[in-house]
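Close look at the chain arrangement
For reference, the chains in residue letters:
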Amino acid sequence: MIINQLLPAMSYGDAVSNSALNMKKTMERAGIESKIYAEHIHPKLSNIVLPASSIPKDKPVIYHLAIGCDLAYEIPKFTDKKMILYHNITPSHYFRGYDDQSGDLCDKGRDELEFLKDYIDVAFADSQYNESELIDVGYTNTHVTPIIINYEDYEGAYNKELFKKIQNSKKGTDLIFVGRLAPNKKQEDIIKTFYFYKKYFDVNARLFLVGSYTRMERYYEQLKGLVKQLSIDDVYITGHVPFNDILTYYKNADIFLNMSEHEGFCVPILEAMKFEIPIISYKEAAVPETMGNGGLLFLEKDYKSIASLIKVVVSDLSLQERLLINQKERLHYFSKINTSDIFLKQLQKEFTFA
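It is worth spelling out the overall build of the protein chain at this point. A count of helices and strands for the protein chain gives twelve helices and 13 strands. For the protein chain, the C-alpha radius of gyration of 21 Å lies close to 20 Å, the compact-globule estimate for 354 residues. Overall, the C-alpha framework of the protein chain stretches about 65 × 40 × 40 Å when taken along its three principal axes. Taken across its 354 residues, the protein chain has 54% of its residues classed as buried. Counting contacts in the protein chain only where the partners sit at least 6 residues apart, residues at least 24 apart contribute 68% of the total. Accessible area of the protein chain: about 15,700 Å², with a carbon and sulfur share of 49%. For the protein chain, the separation between the mean place of its 42 positive charges and that of its 48 negative charges on side chains is 5 Å.

So this is what it looks like as structure tokens:
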């Protein structure tokens, strides 16, 4: 039995690409032959990913939909079972004025999501939030199968020199957010909240915004301008850093603060849980579903109130302990074993295999 996967791009280390690799391994353990095909292939993955042009169209396929790509219009040409895994697509208005090309690709992706509904036999989504969008568009036979995460990667070597440097200079609370700089992730709201927390509760607090700003240079400059306008020190916008540096920033952090307005899953929420960091987040999109009761949610972006909430969490050790217990339970649900089993069970509804 063969089930192949098709993606617009296979990047090194991103959540969608990692999920494809884990799905391949999961299927192979179940005796299903599976190959990955992509239009754009990172050089480090060229030994295990094949060109999209060579994918056989007489075999079942899972198409990963997260951005616009002409590959979507090839799906109707497949003669066996046609499936998609919908990772969600950021609304294009967030990118307008910053990266119009990405905005165009998001609009294209939404058009393709609409186009494919008449051709897809099975529609997977990695969150209930994403599944609800599929249903709204008109997809039937939908299933939720969460992203399969390599938690063992987070147990790898961190940057000991960097860790020593930031630990030795640490005098107060260190807040963190991990994710590429992007207007939908609202790093400006994190900075504004940090301003009030530093002003009223912890003059020694620091904020680390960890993530690449490639193609978002204008947004990056706006964030730097905001920091200057508010006259606050100790805001560190790292840009792209190696993975072991990301582990280091997580290892050092005291609070994970998320202000994002659009997430189809939000892997960094689970990363923060892995590092036992209390999480405070805006209640929007798929974040409440991913987080469960493993953190605290707020409904409105009242920066002073959120700063007060951070102070409560930092000061209340029993609350922290309860949150960390809840995080362990949530991580168990999203464990590699459980999410792999969920994926296989969904496949078993559509195929017959041992």
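A few words on the packing of aromatic side chains. Within this structure, the stated rule accounts for 18 aromatic pairs. Arranged with centres 3.8 Å apart and planes meeting at 5 degrees, the rings of Tyr-213 and Tyr-220 form a pair that is stacked. Judged by relative accessible area, which is 25%, Tyr-213 ranks as partly exposed. Through a chain of ring-to-ring contacts, three or more aromatic side chains come together here, namely Tyr-154, Phe-243, Tyr-250 and Phe-275. Sitting above the plane of the Tyr-12 ring, Lys-44 keeps its charged end 4.5 Å from the centroid.

A few words now on helix H11 (residues 317-333). Helix length check: H11 (17 residues) gives 25 Å between terminal C-alpha atoms against 24 Å at 1.5 Å per residue, within 8%. Listed as buried for H11 are Gln-320, Leu-323, Leu-324, Asn-326, Gln-327, Arg-330 and Leu-331. End-on, the buried residues of H11 take up no more than an arc of 165 degrees, which puts them together on one face. Relative to its buried face, H11 has exposed residues pointing more than 90 degrees away, namely Ser-318, Glu-321 and His-332. Where the residues of H11 are buried, they touch helix H8 (267-274), strand E12 (279-282), helix H9 (287-291), strand E13 (296-298) and helix H10 (303-315).

Moving on to the packing of helix H5 (residues 187-200) against helix H6 (residues 217-230). In a pair of packed helices, the angle between the axes and the distance between the axes together describe the arrangement. Axis separation between H5 and H6 bottoms out at 10 Å; the angle between their running directions is 15 degrees. Considered as vectors, H5 and H6 are oriented roughly parallel to each other. Helix-helix and strand crossings are classified by hand; for H5 and H6 the assignment is right-handed. Taking contact as the criterion, the partners of Gln-187, Glu-188, Ile-191, Lys-192 and Tyr-195 in H5 are, on H6, Tyr-219, Leu-223, Leu-226, Val-227 and Leu-230. In terms of residue class, the contact of H5 with H6 is made up of seven nonpolar, one polar and two charged.

Leu-6, Tyr-63, Ile-84, Leu-116, Tyr-139, Ile-176 and Phe-256 are the most contacted members of the largest nonpolar core, which has 86 residues in total. Filtering out sequence-adjacent residues up to four positions away, Phe-256 remains in contact with Ile-176, Phe-177, Val-178, Tyr-250, Pro-268, Ile-269, Ala-272, Ile-277, Pro-278, Ile-279 and Ile-280. Counting 15 residues, the second-largest nonpolar core is a separate cluster that includes Met-27, Phe-343, Leu-347 and Phe-351.

What follows is about the sheet that holds strand E6 (residues 122-125). Read across the open sheet, the seven strands follow the order E3-E2-E1-E4-E5-E6-E7; overall the sheet is parallel. Edge positions in the sheet fall to strand E3 (49-51) and strand E7 (142-144), since each has one partner strand and no second. Direction aside, the axes of adjacent strands within the sheet are offset by 30 degrees on average. As paired strands, strand E4 (residues 61-65) and strand E5 (residues 82-86) are joined by five bridges and run parallel to one another. Residue pairing in the sheet places Ile-62 in a bridge with Met-83 of E5. Running at roughly 160 degrees to strand E1 (residues 4-10), helix H1 (residues 15-29) makes contact with E1, strand E2 (36-41), E4 and E5 of the sheet.

The residue Lys-160 is located in helix H4 (residues 160-168) in this model. Residue classification places Lys-160 among the exposed positions, given a relative accessible area of 61%. For the pair Lys-160 and Thr-248, spaced 88 residues apart in sequence, the C-alpha separation works out to 7.6 Å.

A few words on the sheet that holds E13. Spatial strand order, E10-E9-E8-E11-E12-E13: six strands in an open sheet with parallel pairing. Here the strands that pair on one side only, and so sit at the sheet edges, are strand E10 (235-237) and E13. The average undirected angle you get between the axes of adjacent strands in this sheet is 20 degrees. Sheet analysis places E12 next to E13, joined by three bridges and oriented parallel. Each bridged residue has a counterpart across the sheet, and for Ser-281 the counterpart in E13 is Leu-297.

Overall, the coordinates contain zero disulfides when judged by the stated rule. We note that Cys-69 lacks a disulfide partner, and the nearest cysteine sulfur, in Cys-106, lies 13 Å from it. For Cys-69, a relative accessible area of 6% translates into the label buried.

Conventions adopted
- Residues numbered from 1 in each chain as written.
- Predicted model: local features only at pLDDT ≥ 70, side-chain atom pairs only at ≥ 80, totals over all residues.
- Heavy atoms only, no water.
- Helix = DSSP H or I, 4+ residues; strand = E, 2+ residues; numbered from the N terminus.
- Rg over C-alpha atoms; globule rule 2.2 N^0.38 Å.
- Buried < 20%, exposed > 50% of the residue type's maximum accessible area, 1.4 Å probe, protein only.
- Contact = heavy atoms within 4.5 Å.
- Areas by Shrake-Rupley, 256 points an atom, 1.4 Å probe, with all protein chains shown as cover.
- Lys, Arg positive; Asp, Glu negative; His and termini not counted.
- Charge placed at Lys NZ, Arg CZ, Asp CG, Glu CD.
- Phe/Tyr/Trp six-rings, centres within 6.5 Å; stacked < 30°, edge-to-face > 60°.
- Lys NZ or Arg CZ within 6 Å of the ring centre and 35° of its normal.
- Expected span 1.5 Å × (residues − 1).
- Arc of directions from axis to C-beta.
- Axes fitted to C-alpha atoms, helices over the stretch in contact; angles between N-to-C directions.
- Parallel < 35°, antiparallel > 145°, perpendicular 65-115°, else oblique.
- Left-handed = near helix turned anticlockwise from the far one by under 90°.
- Nonpolar A, V, L, I, M, F, W, Y, C, P; charged D, E, K, R; others polar.
- Core = buried A, V, L, I, M, F, W, Y, C linked by side-chain atoms within 4.5 Å.
- Pairing = 2+ DSSP bridges.
- Disulfide = S-S within 2.5 Å.

Everything listed here is a matter of coordinates, which is why it stays silent on function.
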